[in-house]
Amino acid sequence: MRKKLLLGNWKMNKTPSEAKEFASSCEEMVKKAIDNNVDVGVAPTFVCLCPVVKYAPKGLIVSAQNCSQYDHGAYTGEVSIPMLKEVGVTYCIIGHSERREYDAETSEKCNAKIKALLAAEITPVYCCGESLATYEEGKTNEWVAEQIKAGMKDLTPEQAAKVVIAYEPIWAIGTGKSATKETAEETIGFIRKTLEGMFGAVAQDIRILYGGSVKPENIHDYMSMEDIDGALVGGASLKLDSYKALIDNLIG
Ligand code: PEP
């Protein structure tokens, strides 16, 4: 049985003091999620990781939004996995469409990062998803299969089982235009089949999240689908009240 996961992607929002405020105020919500067998976490910016780790209640997953595939060296502006590990990060988002678009992040680079994260026992949350043009051309499956095959290349089935996949259609991210639960389920089912082709039966253990304008009003619909194991949420994860409502409606 795959455990549900709700991960808030804060993107480039919140100062360290705002992040601290959220982390110090979310104990009740985190307890509720854990008591209902749901993993719950946030992905703050690099500078907010330390305050969030320090002030978060036990059980709140703290995720980075990116990492370098290299351990150290002349990579100005980058943050390494050993650095993240030392501050207490346990998850890391990889290949978010905004990084693919603005920072030329390729699936091959994501593959190197995923392998490095697994070696450090940090859970990668590997994002895939198609543009509106690809969706309208009816080429979603081809597109995501390519991203999955390249990003998950050469992993063993044991390693693959430790990766979380996030399917995020780009046309649904931050647009308020979410995919229907049926569309999300269909593509996520296809992603699971692709993973089964690569890794066999272990594909049934891999958690696959949906992301793209998930809100308190629609999260329950997604969670009612068989193949959807949680959500990666941007805008609706920023305010504590909204995050609480996501948990309440995910569970209820
Ligand atoms: C995201 O940032 O991964 C995301 C899905 O954003 P939003 O929920 O705001 O669409």
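Cut-offs used in this document
In this numbering scheme, every chain counts its residues from 1 along its sequence in written order. Local features in this predicted model are restricted to residues whose pLDDT is 70 or higher, and side-chain atom pairs enter the listing and the counts only when it is 80 or higher, whereas totals over whole chains, interfaces and linings include all residues. The side-chain values count all of the structure's non-hydrogen atoms but skip hydrogen atoms and water molecules. By convention in these notes, a residue is near a molecule or strand provided one of its non-hydrogen atoms lies within 4 Å of it. Polar contact is defined as a pair of N or O atoms within 3.5 Å, subject to the rule that within protein one atom must be able to donate a hydrogen and the other to accept it, and that residues adjacent in sequence are counted only when both atoms are side-chain atoms. Values of accessible area rely on a 1.4 Å probe in the Shrake-Rupley scheme; residue burial ignores everything except the protein chains shown. Three residue categories are used. Nonpolar comprises Ala, Val, Leu, Ile, Met, Phe, Trp, Tyr, Cys and Pro, charged comprises Asp, Glu, Lys and Arg, and polar comprises the others, including Gly. Exposure categories follow from relative accessible area, calculated using a 1.4 Å probe and restricted to protein chains: below 20% of the type maximum is buried, above 50% is exposed, and the middle band is partly exposed. Secondary structure elements follow DSSP: runs of H or I no shorter than four residues count as helices, runs of E no shorter than two count as strands, and numbering proceeds from the N terminus. Starting at the helix axis, one direction is taken to each C-beta atom, and the arc is that of these directions. Note on definitions: a residue-residue contact is assigned when non-hydrogen atoms from the two residues lie within 4.5 Å. Only when DSSP finds a minimum of two bridges between them are two strands counted as paired. Where helices are involved, their axes are fitted lines through C-alpha atoms of the stretch in contact, as for all axes, and angles between N-to-C directions lie from 0 to 180°. An angle below 35 degrees is treated as roughly parallel, one above 145 as roughly antiparallel, one from 65 to 115 as roughly perpendicular, and anything else as oblique. A crossing counts as left-handed when the near helix is turned anticlockwise from the far one by less than a right angle, and as right-handed when that turn is clockwise. Ring pairs are drawn from Phe, Tyr and Trp, using the six-membered ring of Trp, whenever the two centres fall within 6.5 Å, and their geometry is named by plane angle: stacked under 30 degrees, edge-to-face over 60, tilted for the rest.

Peer 1: So what's going on with the site of the ligand? Residues and values would help.
Peer 2: Taken together, 14 residues surround the ligand, and among them K11, E168, G174, S213 and G234 come closest. The side chain of N9 places a nitrogen or oxygen atom 3.1 Å from an oxygen atom of the ligand. Separating an oxygen atom of the ligand from a side-chain N or O atom of K11 is a distance of 2.8 Å. Protein chains bury 95% of the 290 Å² of accessible surface belonging to the ligand in isolation. Looking at side-chain class alone, the shell around the ligand contains four nonpolar, eight polar and two charged residues.

Peer 1: Residues and numbers for helix α2 (residues 27-35), please.
Peer 2: For α2, every residue scored as buried is listed here: M29, V30 and A33. Along the axis of α2, the buried residues cluster in a sector spanning 100 degrees; they form a single face. Among the exposed residues of α2, those pointing more than 90 degrees away from its buried face are E27, E28, K31 and D35. Tucked into the core, α2 has its buried residues touching α1 (16-24), β2 (38-43) and α12 (240-251). In the segment just after α2, N37 is the residue with positive phi, at about 65 degrees.

Peer 1: Summarise the sheet that holds strand β1 (residues 4-9); cite the residues concerned and give the values.
Peer 2: In space, the eight strands of this closed barrel follow the order β1-β2-β3-β4-β5-β6-β7-β8, with parallel pairing throughout. Here the strands of the sheet are splayed against their neighbours by 25 degrees on average, with no regard to which way each runs. With four bridges connecting them, β1 and strand β8 (residues 230-233) associate as parallel partners. Its bridge partner lying in β8, L6 is registered against A231.

Peer 1: Tell me about the packing of helix α6 (residues 107-119) against helix α8 (residues 140-151), and please be specific about residues and values.
Peer 2: Taken N-terminus to C-terminus, the directions of α6 and α8 make an angle of 40 degrees; their axes are 7 Å apart at the nearest point. Looking at the two axes, α6 sits oblique to α8. When the axes of α6 and α8 are compared, the crossing they make is right-handed. Contact residues: α6 offers S107, E108, N111 and I114, while α8 offers Q147, A150 and G151. Of the residues that constitute the contact of α6 with α8, the class distribution is two nonpolar, four polar and one charged.

Peer 1: Describe the packing of α2 against α12, with residues and values.
Peer 2: Taken N-terminus to C-terminus, the directions of α2 and α12 make an angle of 15 degrees; their axes are 10 Å apart at the nearest point. Taken together, the axis directions place α2 and α12 in an arrangement best described as roughly parallel. Viewed along their axes, α2 and α12 form a crossing whose handedness is left-handed. Here M29, K32 and A33 of α2 come into contact with α12, specifically with L240, Y243, K244, I247, D248 and I251. Grouping the constituent residues of the contact of α2 with α12 by class yields six nonpolar, no polar and three charged.

Peer 1: Pulling in residues and values, what's your account of the pairing of β1?
Peer 2: Burial analysis of β1 places five of its six residues in the buried class, the great majority of the element. Relative to β2, β1 runs parallel, the two sharing six bridges. Across the sheet, the residue bridging to N9 is A43, located in β2.

Peer 1: Describe the packing of aromatic side chains, and please don't skip the residues or the numbers.
Peer 2: All chains considered together, the criterion is met by six aromatic pairs. Between the aromatic rings of W10 and F22, the centroid separation amounts to 4.8 Å while the plane-to-plane angle is 70 degrees, which identifies the pairing as edge-to-face. Separated by 12 residues along the polypeptide, W10 in the loop between β1 and α1 and F22 in helix α1 bring together distant segments of the chain. The class for W10 is buried, based on a relative accessible area of 0%. Ring centres of Y135 and W171 lie 4.4 Å apart, and the angle between their planes is 35 degrees; this geometry places the pair in the tilted category. Residue Y135 is found in helix α7 (residues 132-136), and its partner W171 is found in the loop between β6 (164-167) and α10 (181-199); the two are separated by 36 residues along the sequence. For Y135, a relative accessible area of 34% translates into the label partly exposed.

Peer 1: I'd like a description of unusual backbone geometry, backed by residues and values.
Peer 2: Even without being glycine, E121 reaches a positive phi, approximately 60 degrees. Here E121 shows up in the loop between α6 and β5 (123-128). Among the residues examined, E121 registers a relative accessible area of 67% and is labelled exposed.

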